[in-house]
Amino acid sequence: MRHFIDFSDLTLEEWAALYRKFDDILRHPAGYRERARGHVLGALFYEPSTRTSFSFQVAMHRLGGSVFAMSEPGSTSVAKGESLKDTIIMCSGYADIIVLRHPCEGAALAASLYARTPVINAGDGGHMHPTQTLTDLATITRLRGGIDGLNVGFCGDLKHGRTVHSLIRALSRFPGVSFYLISPRALAIPGYLRAFLHARGQRYVEVTGLDATMSQLDVLYMTRIQRERFPDPLEYERHRGVYILTASKMRAARPDMLVMHPLPRVDEIHPDVDGDPRAVYFEQARLGMYIRMALLLDLLSEPDRTPPDVAYRGGARLCANPHCITAREPHLPPLKKEGCCAYCDAWLP
Ligand code: NCD
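Remember, it's a predicted structure, so these values are computed and weren't measured experimentally.

Cut-offs used in this document
Residues numbered from 1 in each chain as written. Predicted model: local features only at pLDDT ≥ 70, side-chain atom pairs only at ≥ 80, totals over all residues. Heavy atoms only, no water. Helix = DSSP H or I, 4+ residues; strand = E, 2+ residues; numbered from the N terminus. Expected span 1.5 Å × (residues − 1). Buried < 20%, exposed > 50% of the residue type's maximum accessible area, 1.4 Å probe, protein only. Arc of directions from axis to C-beta. Core = buried A, V, L, I, M, F, W, Y, C linked by side-chain atoms within 4.5 Å. Domains from an automatic or database assignment. Pairing = 2+ DSSP bridges. Right-handed = clockwise from strand over helix to strand, strands pointing away. Near = heavy atom within 4 Å. Polar contact = N/O pair within 3.5 Å; in protein donor to acceptor, adjacent residues only side chain to side chain. Areas by Shrake-Rupley, 256 points an atom, 1.4 Å probe, with all protein chains shown as cover. Nonpolar A, V, L, I, M, F, W, Y, C, P; charged D, E, K, R; others polar. Axes fitted to C-alpha atoms, helices over the stretch in contact; angles between N-to-C directions. Parallel < 35°, antiparallel > 145°, perpendicular 65-115°, else oblique. Left-handed = near helix turned anticlockwise from the far one by under 90°. Contact = heavy atoms within 4.5 Å.

Enquirer: What is the right way to look at helix 1 (residues 12-27) in this model?
Expert: Because each turn of an α-helix spans 3.6 residues, side chains separated by three or four positions end up pointing in the same direction. With 16 residues, helix 1 extends 23 Å from end C-alpha to end C-alpha; this agrees with the ideal 22 Å at 1.5 Å per step. Burial in helix 1 covers these residues: Trp15, Leu18, Tyr19, Phe22, Asp23, Ile25 and Leu26. The buried residues of helix 1 occupy an angular sector of 160° when projected down its axis, which confines them to one face. In helix 1, the exposed residues that point more than 90 degrees away from the buried face are Glu13, Arg20 and Arg27.

Spelled out as structure tokens, the structure:
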């Protein structure tokens with residue numbers, strides 16, 4: 001069964017087909033009003049969400065389907081200690097497709113092992129957020145005409161920002177893209193991602209200053225400092241407000257540079273930038289609904305529902321990352337991928 005756990009689940013040809021579908025939905029929305037009639041989306045959000053949750057739910061409604069949603073784990077049996085495994089086996093028996101956001105890294109991959117339906121990763125801890133990546137790629141393609149050869153700057157919390165991790169991995173598959181990774185040293189990209197960039201021979205620089213790089217960029221992808229992922233609140237306080245994009249800083253940018261942001265913003269983009277035609281973050285969020293419609297249609301067209309293998313495996317824990325789903329659900333099979341934990345990408349000893 002096909003799932004969407006990471007952008008690498010798509011070939012570039014499949015991505016191009018998804019983009020064409022997105023484009024067609026934008027042009028002819030009325031033609032899609034009945035396409036998911038009779039189908040049910042289970043939206044399981046174990047972490048706060050505005051755009052991802054709403055855009056998936058509205059995407060399903062606009063396709064004629066229906067939705068059941070969990071946005072407060074405290075109001076379900078999760079509060080009684082139910083495992084992700086049990087919740088997924090159950091909910092995927094009610095739904096035709098599951099969208100999952102969870103605080104543990106690798107939770108969506110774990111869910112896909114037990115689900116009777118396709119699973120979509122709507123964010124797994126600080127790890128990945130591939131449907132935001134679809135949103136970002138669709139926005140860049142629509143507004144810049146393509147992705148190849150662009151200079152893309154990522155600014156903010158590159159350590160914890162899952163949207164950044166997903167988008168970097170995806171963009172590195174397009175020819176000629178260069179990265180400017182702008183962050184305080186303590187919030188630089190994780191080691192596994194740096195190793196990935198090296199292995200691909202990707203062109204990138206890591207810098208701490210935004211102003212000096214501005215004029216080089218075709219896209220500036222701003223992100224917030226991810227307060228909830230800091231074990232030490234003082235560490236968060238040290239970094240908050242470190243980058244603030246303002247209208248006056250935008251004077252140094254190219255006339256066609258896109259300012260993007262997965263949102264929510266805190267203070268990293270001053271509201272005086274909002275009126276700048278280069279500030280496209282609200283349009284980016286709007287387009288996210290249409291690319292999610294295309295993704296839902298694609299995965300709902302899966303013909304067979306293979307019963308999942310739910311055998312108990314037990315055994316020693318594979319991964320030492322305390323945020324990995326295997327720390328919470330020790331029965332998960334020990335899956336490896338190129339010397340790393342297949343769930344969370346942490347190096348294995
Ligand atoms: C992001 C997320 O949840 O990772 N938001 C989103 O889905 N659009 C970014 C963030 O929380 O900073």
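Enquirer: Explain the nonpolar core here, please?
Expert: General note: in soluble globular proteins, nonpolar side chains tend to be found buried as a group. Counting 62 residues, the largest nonpolar core has Trp15, Phe154 and Phe179 as the members making the most contacts within it. Per-element tally for this core: the top contributor is helix 9 (residues 281-300), with 11 residues. Split by domain, this core shows at least three residues from each of two domains, domain 1 (7-125 + 288-341) and domain 2 (131-277). Counting 30 residues, the second-largest nonpolar core is a separate cluster that includes Met70, Val119, Cys344 and Leu348.

Enquirer: Even after reading the chapter, I still don't get the pairing of strand 6 (residues 178-182), so can you show me in this structure?
Expert: Walk down a regular strand and you will see the side chains alternate between the two sheet faces. Most of strand 6 sits out of view: five of its five residues are buried. The alternating pattern of strand 6 places Ser178, Tyr180 and Ile182 on one face and Phe179 and Leu181 on the opposite face, and all of these are buried. Alignment of strand 5 (residues 151-155) against strand 6, held across five bridges, turns out to be parallel. Residue pairing across strands places Gly153 opposite Tyr180, the latter belonging to strand 6. As a crossover connection, the stretch from strand 5 through helix 6 (residues 162-171) into strand 6 is right-handed. For strand 6 and strand 7 (residues 203-207), the ladder comprises five bridges, and the chain directions are parallel. Residue Phe179 lies in a different strand from strand 7, and its bridge partner there is Tyr204.

Enquirer: What exactly am I supposed to notice about the site of the ligand here?
Expert: Looking at the ligand, the residues that line it are Thr52, Arg101, His129, Gln132, Arg162, Thr163, Arg224, Gln226, Pro262, Leu263 and Pro264. Between Arg101 and the ligand, the recorded distance is 3.1 Å, taken from a side-chain N or O atom to an oxygen atom. For the ligand, whose accessible area on its own is 320 Å², the fraction buried by protein is 93%. Split into classes, the residues belonging to the shell around the ligand amount to three nonpolar, five polar and three charged.

Enquirer: Teacher, can you tell me more about the packing of helix 3 (residues 84-94) against helix 4 (residues 107-114) here?
Expert: Packed helix pairs are specified by the crossing angle of their axes together with the interaxial distance, meaning the distance between the axes. Axis separation between helix 3 and helix 4 bottoms out at 9 Å; the angle between their running directions is 55°. In terms of axis orientation, helix 3 runs oblique to helix 4. Classified by chirality, the crossing of helix 4 by helix 3 is right-handed. Together, Leu84, Lys85, Ile88, Ile89 and Ser92 of helix 3 and Ala107, Ala111 and Tyr114 of helix 4 make up the contact between the two elements. Per-class residue counts for the contact of helix 3 with helix 4 are six nonpolar, one polar and one charged.

Enquirer: Explanation requested: the sheet that holds strand 5 in the structure shown.
Expert: Taken together, five strands build an open sheet; the order of strands is 7-6-5-8-9 and the sheet is parallel. Since the sheet does not close on itself, it has two edges, and those belong to strand 7 and strand 9 (258-260), each with one partner. Averaged over all adjacent pairs, the angle separating strand axes in this sheet is 15°, with direction ignored. Strand direction decides the pairing type here: strand 5 and strand 8 (residues 219-222), joined by four bridges, are parallel. Looking at the pairing, Phe154 lines up with Tyr221 of strand 8.

Enquirer: Hey, could you run me through helix 3 in this one?
Expert: Taken residue by residue, helix 3 has Leu84, Lys85, Thr87, Ile88, Cys91 and Ser92 as its buried positions. Angularly, the buried residues of helix 3 cover 160° about the axis, an arc narrow enough to put them on a single face.

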